[in-house]
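Single-letter residue listing:
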Amino acid sequence: MTLQHADDGDGRADRHEDEVDRLVAAWRVERPELDVAPLQVLSRVSRLARHLDRARRTSFAEHSLEIWEFDVLTALRRAGEPYELSPGALLRATLVTSGTMTNRIDRLAAAGLVRRRPDPEDRRGVLVSLTDTGRERVDGAFDDLLRRERDLLAALGEHEQQVLADLLRTLLVPFDADDTGASGAHG
C-alpha cells in the first residue's frame, strides 16, 4: 500500500491507497461520464467478503466441518439447552428444502454430531439435538472463526467497528425485510 498525501476531495489526507482506489481512478479516466462512487463501498465489501469466506472455510476445515454443517450446528447451539430443534425450525433457520434438511440431518447423525429423538409433544414429530461431540466441534469452530474475524477488523478501533456495523445495518435492513432470517454461515 502507498500513502496518499494530498487531500482527495473527501477531506481526508494521508490515508492508505488500496486496489479499489486504483480501480476507481482508472474508471474515472476511462468513463468520466459515469458516477463510479458506489465502487468505493461495494467493491471493498466484495473484497472483504472474499477474505471472510476464506477465513470461514479455513476455520471450518480445521474443525472438520463443512459450511452447511456449521449452519445447522450453530442453529442448534443458539437454541440453548437442550440444544434441539424440530426439522421445521432448522428449515426456517437455514433456508433449505425439507429434502435437503433431511439429508443434512442424516449425515450429521451418521457423523455423531446430532441425534434424533421423538418429540414428546407430537407423536409424529422428531427433535434434532446436538451431541456433546457436535457441541464441542461447533464451539471450537465458532471460537476460531471469531478470532479470524477479529483479525479482519483489527485495523479499526472499537468505535469505528460500531460505526461501520451501524452503517451496514442501515444498508442491509431493506434487504433483510424480504428475507426470512437464514443464518448463512455466520454463527
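See the structure above.
Residues numbered from 1 in each chain as written. Predicted model: local features only at pLDDT ≥ 70, side-chain atom pairs only at ≥ 80, totals over all residues. Heavy atoms only, no water.

## Some points on the overall build of the protein
Turning to step 1, where the next piece is worked out: What the protein contains, in helices and strands, is 7 helices and 5 strands.
Turning to step 2, where the next piece is worked out: The buried share among the 187 residues of the protein stands at 28%.
Turning to step 3, where the next piece is worked out: Considering only intrachain contacts with a sequence separation of at least 6, the fraction spanning at least 24 residues in the protein is 51%.
Turning to step 4, where the next piece is worked out: Summing over all exposed atoms, the protein offers an accessible surface of approximately 12400 Å²; the carbon and sulfur share of this is 54%. (Helix = DSSP H or I, 4+ residues; strand = E, 2+ residues; numbered from the N terminus. Buried < 20%, exposed > 50% of the residue type's maximum accessible area, 1.4 Å probe, protein only. Contact = heavy atoms within 4.5 Å. Areas by Shrake-Rupley, 256 points an atom, 1.4 Å probe, with all protein chains shown as cover.)

## Examining the side chain of Arg56
Turning to step 1, where the next piece is worked out: Mapped onto the elements of the fold, Arg56 is located in helix 2 (residues 37-62).
Turning to step 2, where the next piece is worked out: For Arg56, a relative accessible area of 15% gives the class buried.
Turning to step 3, where the next piece is worked out: Among the polar contacts made by the side chain of Arg56, one reaches the side chain of Glu149 at a distance of 3.2 Å. (Polar contact = N/O pair within 3.5 Å; in protein donor to acceptor, adjacent residues only side chain to side chain.)

## Comments concerning a nonpolar patch on the surface
Turning to step 1, where the next piece is worked out: A cluster of nonpolar side chains, contributed by Val41, Leu42, Val45, Leu48, Leu152, Leu153, Leu164, Leu168, Leu171, Leu172 and Phe175, occupies part of the molecular surface with about 900 Å² of accessible area.
Turning to step 2, where the next piece is worked out: When residues of the nonpolar patch are traced back to their parent elements, those giving at least two are helix 2 and helix 7 (158-176).
Turning to step 3, where the next piece is worked out: Broken down by element, the nonpolar patch gets its largest block of residues, 5 residues, from helix 7.
Turning to step 4, where the next piece is worked out: Mapped onto the fold, Val41 is located in helix 2.
Turning to step 5, where the next piece is worked out: Overall, Val41 belongs to the partly exposed group, its relative accessible area being 45%. (Patch = residues over 30% accessible without salt bridge, like charges linked within 9 Å, V, L, I, M, F, W, Y side chains within 5 Å. Salt bridge = Lys/Arg side-chain N within 4 Å of Asp/Glu carboxyl O.)

## Quick look at the pairing of strand 4 (residues 114-119)
Turning to step 1, where the next piece is worked out: Inspection of the sheet shows strand 4 paired to strand 5 (residues 122-130) by 6 bridges, in the antiparallel sense. By the bridge assignment, Arg116 is partnered in strand 5 with Val128.
Turning to step 2, where the next piece is worked out: Counting the residues that bridge the hairpin from strand 4 to strand 5 gives 2 residues. (Pairing = 2+ DSSP bridges.)

## Quick word on the pairing of strand 5
Regular strands place side chains that alternate from one sheet face to the opposite one.
Turning to step 1, where the next piece is worked out: Note that strand 3 (residues 84-85) and strand 5 share 2 bridges and pair antiparallel. Residue pairing across strands places Glu84 opposite Ser129, the latter belonging to strand 5.

## Quick notes on the sheet that holds strand 3
Turning to step 1, where the next piece is worked out: Read across the sheet, 3 strands follow the order 3-5-4 without closing on themselves; strand pairing throughout is antiparallel. Looking at which strands have only one partner, the edges of the open sheet turn out to be strand 3 and strand 4.

## Concerning helix 3 (residues 67-78)
Turning to step 1, where the next piece is worked out: The end-to-end C-alpha distance of helix 3 is 16 Å, a good match for the 16 Å that 12 residues give at a rise of 1.5 Å each.
Turning to step 2, where the next piece is worked out: Burial analysis of helix 3 places 9 of its 12 residues in the buried class, the great majority of the element.
Turning to step 3, where the next piece is worked out: Backbone geometry just after helix 3 places Gly80 at a positive phi near 80 degrees. (Expected span 1.5 Å × (residues − 1).)

## Describing the pattern of salt bridges
Turning to step 1, where the next piece is worked out: Under the defined criterion, the tally for this structure stands at 16 salt bridges.
Turning to step 2, where the next piece is worked out: Between Glu19 and Arg22 there is a salt bridge, with the nearest N and O atoms lying 3.3 Å from each other. Linking Glu19 with Arg22, this pair stays in helix 1 (residues 19-30), spanning 3 residues, or about one helical turn.
Turning to step 3, where the next piece is worked out: Judged by its relative accessible area of 41%, Glu19 falls in the partly exposed class.
Turning to step 4, where the next piece is worked out: Residue Arg22 is classed as partly exposed on the basis of its relative accessible area of 36%.
Turning to step 5, where the next piece is worked out: With a closest N to O distance of 2.8 Å, Arg169 and Asp166 form a salt bridge. Placement of the pair is Arg169 and Asp166 together in helix 7, with a separation of 3 residues, close to one helical turn.
Turning to step 6, where the next piece is worked out: Take Arg169: its relative accessible area is 47%, and that puts it in the partly exposed class.
Turning to step 7, where the next piece is worked out: Owing to a relative accessible area of 32%, Asp166 belongs among the partly exposed residues under this scheme.
Turning to step 8, where the next piece is worked out: Each of Glu62, Asp144, Arg147, Arg148 and Asp151 takes part in one network of salt bridges that share partners.

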